[in-house]
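Architecture at a glance
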Number of protein chains: 2
Amino acid sequence: MTTPLRLGIAGLGTVGVGVVKIVRQKANLLAQRSGRPVVISAVSARSRDKDRSVNLDAYAWEDDPVALAQRDDVDVFVELMGGHEGAARLATEAALAAGKDVVTANKALLAHHGQSLAETAEAKGCVIRFEAAVAGGIPVIKALTEGLAGNDITRVMGVMNGTCNYILTRMQDAGLPYDQVFAEAEALGYLEADPNLDVGGIDAGHKLALLASIAFGTRVDFAGVELEGIQRIAIEDIHQAAELGYRIKLLGVAQMTGRGLEQRMSPCLVPEESPLGQLKGGTNMVVIEGDAVEQVVLRGPGAGEGPTASAVMGDVMDIARGLRISTFGIPARELAEAKVAQSNSPAPYYLHLTLEDRPGALAKIATVLGENGISIDRMRQTRHSDTNAPVLIVTHKTQRAALDTAVEAMRATGVMVNDPVALRIETV
Amino acid sequence: MTTPLRLGIAGLGTVGVGVVKIVRQKANLLAQRSGRPVVISAVSARSRDKDRSVNLDAYAWEDDPVALAQRDDVDVFVELMGGHEGAARLATEAALAAGKDVVTANKALLAHHGQSLAETAEAKGCVIRFEAAVAGGIPVIKALTEGLAGNDITRVMGVMNGTCNYILTRMQDAGLPYDQVFAEAEALGYLEADPNLDVGGIDAGHKLALLASIAFGTRVDFAGVELEGIQRIAIEDIHQAAELGYRIKLLGVAQMTGRGLEQRMSPCLVPEESPLGQLKGGTNMVVIEGDAVEQVVLRGPGAGEGPTASAVMGDVMDIARGLRISTFGIPARELAEAKVAQSNSPAPYYLHLTLEDRPGALAKIATVLGENGISIDRMRQTRHSDTNAPVLIVTHKTQRAALDTAVEAMRATGVMVNDPVALRIETV
């Protein structure tokens, strides 16, 4: 097979330029590995004149990505624009309608429209590949969809937003409060234009929803992801967690339960000596658990020109080599509607309470926990101001519902000064 | 495509039984994921009567794996017998000659005969897949061959023999000498019939040679792997390394240099806080570095029924889904002859010397190092018997050749009581 595979690349930001560089610089290697030349026919971006430090003269230029997607000399539409509506969606739909395969790094697009896009693709005999949409350079979509295809997947977890992990790591290392580190990250350009996409857990939630679909054969259900961001994580809790042997991570967890599919993206405590606990800075990690494989842990850079372009090219090479696979691992029409289960799998919890410093206050709290069937693994009173007594509690495994009930009852005792901090401790 | 994919499984040990269980128990899932039924036509093993806790009645039985490989009702020959000659080789060759695809867990077979088998396969239009041959359940062959196909791979490293890692971890945790932990591991059934395959680094060396072939597009060259086992690792060195902030691991490293391909499997020091340093017990880890992706780290179980069967089934599912790919990532005839380079990439080294306790002894050693251009990062004299002075040295980066020359010159000084211990410190 020596017919070239012809790419049309829409979006020439960091990742797009990275892809162009690889195609230009590694033509021989790519041809040798895939058995056919991989070439670029045309490109598209908002501004034609911007200096992108790579020569684009050999490629046709399209101002309109939809036109690019429909070109006769394009076999694969490479969508690197981003955004789940507008041009990215229109051009992707146009590409599929025109019978083109699609490679995309766009997690938002697939989290919102994955089902309809996958159905369209499969009706047209096209494939959609999206390795770059989840965990940057880590070939996790491939591992989950292909390498572990003989497993019933039991749980997928991951730290998949490098910016959040940078902020949390930096808070701990430098002993700085959230607001200050957030400002640093913003100044360094680490945050999305809408920072809530990062620190609110939305970006990572998109990724989790995609992994869950493949893992459990269910339709992508981003709306079913319980989202909690890192904005309320206090440096004090990071320190207290560390003293107890834990790290706080924005952790996504998807697991199928008897009640349905649990998907949550929230700050959790993980043991500091676990692979997740060891993860620093912008690095991503995904943990996949299956009934046969037990546990596989994948770690790598979550963003950046090279790593993301590497993931895009992995998909391009798969298409060049002739791999045709359903978008989410099984035919889109066979994906089950995900039955949303509120996150209620038992886990230990970290509780940080601030009590009025008066006799019997702690007894009231302990009584409330006991009445709700929550037993205490460890408890300590940390410091002591004139009027307040901060108390840390690590519970034995309990359900979130029981904990929420207990927290309500604690409020009713009148001995709590602040809202309590309650963070799940994820067993890794 | 609803034609079933029909397997012939040769070898019904732990892994073979694991594969049979998955095919039996997950028929619907496998069919849904691959688009066609995956079935077993026939099986073969040494003893038909053994109780294997799985019902084999539905499958034809062949005493002779060659006959199994040639059956008309077999599409994929699944070779789980092991051994690089004899039945495994004969049956694999017979399968390819008959135009069957091959899935194998046999690292020795491919390390010794990979080139000829791959050439035969490709001439016949067949594929050979071997995910289970390297690092158990970790989908590392897939990651390297497919996911990272857009990269020039710069280095591949791994801890890929769980038994050795168990022994080294256990020595450290329990403070026990090598011989005692080796005996424990033998009693627990962790060792191959020929233990030198494990502790001599041969098994892990086979795996490294396979990874190197894919990474660098070179013919598998097991003979070019510099092998050093863990038999001479003393508990004292494990403790000393720990005090310096390192762990000792049997680490495989393959890298392409200007001089040729370096492949070494040897005990190395790695930083204790690195992913490799954190690795305990039988778990495996592979680190892949590429020019685009930077670094990806994969971790998972290196052996066992479930994990290894998971890897075998990943390959089977790829074939069921229609993936056709060259055995080592590029056509076998295009694989370059590996130019063997002696391992000489600069690295810091750990030196453990025992000197006669007399004036000027240390000065002589320091002089020899200086004369060979080796500078000292850290040095400490550890304890002191009546007549001997043990000395630990961490050098700055140097080349192995310079170190070997220096060690020869140290011997000539006459102040050394024992042969020195010299272990590479691998930068991770």
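Residues numbered from 1 in each chain as written. Chains lettered and ligands numbered in written order. Predicted model: local features only at pLDDT ≥ 70, side-chain atom pairs only at ≥ 80, totals over all residues. Heavy atoms only, no water.

**Structural notes on the confidence of the model for chain A**
Mean pLDDT for chain A: 95, with 99% of residues reaching 70 or above. Predicted complex metrics record ipTM = 0.96 and pTM = 0.96. (pLDDT = per-residue confidence, 0-100.)

**Details of the nonpolar core**
In this structure, Val140 and Ile167 of chain A together with Val140 and Ile167 of chain B are the most contacted members of the largest nonpolar core, which totals 168 residues. Beyond its immediate stretch of four places on either side in the chain, isoleucine 167 of chain A contacts Tyr178, Val181, Phe182, Ala185, Val199 and Ile230 of chain A. (Core = buried A, V, L, I, M, F, W, Y, C linked by side-chain atoms within 4.5 Å. Buried < 20%, exposed > 50% of the residue type's maximum accessible area, 1.4 Å probe, protein only. Contact = heavy atoms within 4.5 Å.)

**A closer look at the environment of valine 286 of chain A**
Residues and elements named next belong to chain A. You can see valine 286 is positioned in strand 11 (residues 283-290). Given the relative accessible area of 0%, valine 286 is considered buried. In this structure, the C-alpha to C-alpha distance between valine 286 and methionine 160, residues 126 residues apart in sequence, is 7.4 Å. (Helix = DSSP H or I, 4+ residues; strand = E, 2+ residues; numbered from the N terminus.)

**A look at the side chain of glutamate 262 of chain B**
All names here are of chain B. Mapped onto the secondary structure, glutamate 262 falls in strand 10 (residues 260-271). Given a relative accessible area of 0%, glutamate 262 falls into the buried group. Here asparagine 344 takes part through its backbone nitrogen, which lies 2.9 Å from a polar atom of the side chain of glutamate 262. Look past the residues within four positions of glutamate 262 in its chain and what remains in contact with it is Val253, Ala254, Gln255, Thr257, Ala341, Gln342, Ser343, Asn344 and Ser345. (Polar contact = N/O pair within 3.5 Å; in protein donor to acceptor, adjacent residues only side chain to side chain.)

**Brief notes about the sheet that holds strand 3 (residues 60-62) of chain B**
All names here are of chain B. Strands sit in the order 3-2-1-4-5-6 across an open sheet of six strands; the sheet is parallel. A single partner strand is all that each edge strand has here, and the edge strands are strand 3 and strand 6 (128-129). Pairing analysis gives four bridges linking strand 1 (residues 5-10) to strand 4 (residues 76-79), with the strands arranged parallel. Note that in strand 4 the partner of glycine 8 across the bridge is phenylalanine 77. Sheet contacts for helix 1 (residues 14-25): strand 1 and strand 2 (38-44); angle to strand 2, the most-contacted strand, approximately 150°. (Pairing = 2+ DSSP bridges. Axes fitted to C-alpha atoms, helices over the stretch in contact; angles between N-to-C directions.)

**Observations regarding the state of the cysteines**
The tally for this structure, following the rule as stated, stands at zero disulfides over all chains. As a non-bridged cysteine, cysteine 268 of chain B has cysteine 164 of chain B as the owner of its nearest cysteine sulfur, 13 Å distant. (Disulfide = S-S within 2.5 Å.)

**Topic: the pattern of salt bridges**
Counted by the stated rule, this structure contains 60 salt bridges over all chains. Across the pair arginine 71 of chain A and glutamate 62 of chain A runs a salt bridge whose closest N-O atoms are separated by 2.8 Å. Looking at glutamate 62 of chain A, the relative accessible area reads 17%, which means it is buried. A salt bridge links aspartate 75 of chain B to arginine 6 of chain B; the shortest N-O distance between them is 2.9 Å. (Salt bridge = Lys/Arg side-chain N within 4 Å of Asp/Glu carboxyl O.)

**Concerning the packing of aromatic side chains**
All names here are of chain A. Summed over all chains, the structure comprises six aromatic pairs over all chains. Aromatic side chains tyrosine 166 and tyrosine 190 sit 4.9 Å apart centroid to centroid with 85° between the ring planes, which places their arrangement in the edge-to-face category. In this pair, tyrosine 166 sits in helix 7 (residues 162-174) while tyrosine 190 sits in the loop between helix 8 (178-187) and helix 9 (196-199), placing the two residues 24 residues apart along the sequence. (Phe/Tyr/Trp six-rings, centres within 6.5 Å; stacked < 30°, edge-to-face > 60°.)

**Digging into the side chain of lysine 26 of chain B**
Among the structural elements, lysine 26 of chain B can be located in the loop between helix 1 and helix 2 (27-34). Overall, the relative accessible area of 6% leaves lysine 26 of chain B in the buried class. In terms of polar contacts, lysine 26 of chain B uses its side chain to reach the side chain of aspartate 152 of chain A, at 2.7 Å. Excluding its chain neighbours within four sequence positions, the residues that come into contact with lysine 26 of chain B are Gly150, Asn151, Asp152 and Asp291 of chain A.

**Digging into the sheet that holds strand 3 (residues 60-62) of chain A**
All names here are of chain A. Overall, parallel pairing links the six strands, which are arranged 3-2-1-4-5-6 in an open sheet. With one partner strand each, in any of the chains shown, strand 3 and strand 6 (128-129) form the two edges of the open sheet. Pairing analysis gives six bridges linking strand 1 (residues 5-10) to strand 2 (residues 38-44), with the strands arranged parallel. Counted as the bridge partner of glycine 8 is alanine 42 from strand 2.

**Let's talk about the relation of the copies chain B and chain A**
The two copies are related by a screw motion: chain B maps onto chain A through a turn of 180° and a shift of 0.0 Å along the axis, at an RMSD of 0.1 Å. Each copy turns onto its partner about a two-fold axis. In this assembly, 100% of the residues forming the interface of chain B have copies in chain A that are likewise at the interface, indicating an isologous arrangement. (Least-squares fit on C-alpha atoms with pLDDT ≥ 70 in both.)

**Quick look at helix 5 (residues 107-123) of chain A**
Residues and elements named next belong to chain A. Along helix 5, the helix axis deviates most sharply at histidine 113, where the bend reaches about 85°. When helix 5 is considered as a whole, its buried residues turn out to be Ala108, Leu109, Leu110, Ala111, His113, Gly114, Gln115, Leu117, Ala118 and Ala121. Packing partners of the buried residues in helix 5 comprise strand 4 (76-79), helix 4 (86-97), strand 5 (101-104), strand 6 and helix 10 (202-216). A side-chain oxygen of the first residue of helix 5 lies 3.3 Å from the backbone nitrogen of alanine 108; this N-cap is asparagine 106. Positive phi appears at glycine 125, one or two residues downstream of helix 5, with a value of about 75°. (Bend = angle between axes of the 7 residues up to and from the residue.)

**With respect to the interface of chain B and chain A**
Listed as interface residues are 48 residues of chain B and, on the opposing side, 48 residues of chain A. Between chain B and chain A lies a buried interface of about 4,000 Å² when both sides are counted; carbon and sulfur atoms form 52% of it. On the chain B side of the interface with chain A, the three residues burying the most area are Arg33, Arg299 and Arg321 of chain B, jointly 16% of the side's total. On the surface where chain B and chain A come into contact, there are six salt bridges. Here lysine 142 of chain A ties to glutamate 146 of chain B by a salt bridge, and the two come within 2.7 Å at their closest N and O atoms. Inspection of the region where chain B meets chain A yields 20 residue pairs in polar contact (both at pLDDT 80 or more). When contributions to the side of chain B that touches chain A are tallied by element, the ones reaching two or more residues are helix 2, helix 6 (140-147), helix 12 (275-278), strand 12 (294-301) and helix 13 (305-320) of chain B. Top contributing element to the side of chain B that touches chain A by residue count: strand 12 of chain B, with eight residues. (Buried area = accessible area lost by both parts, 1.4 Å probe.)

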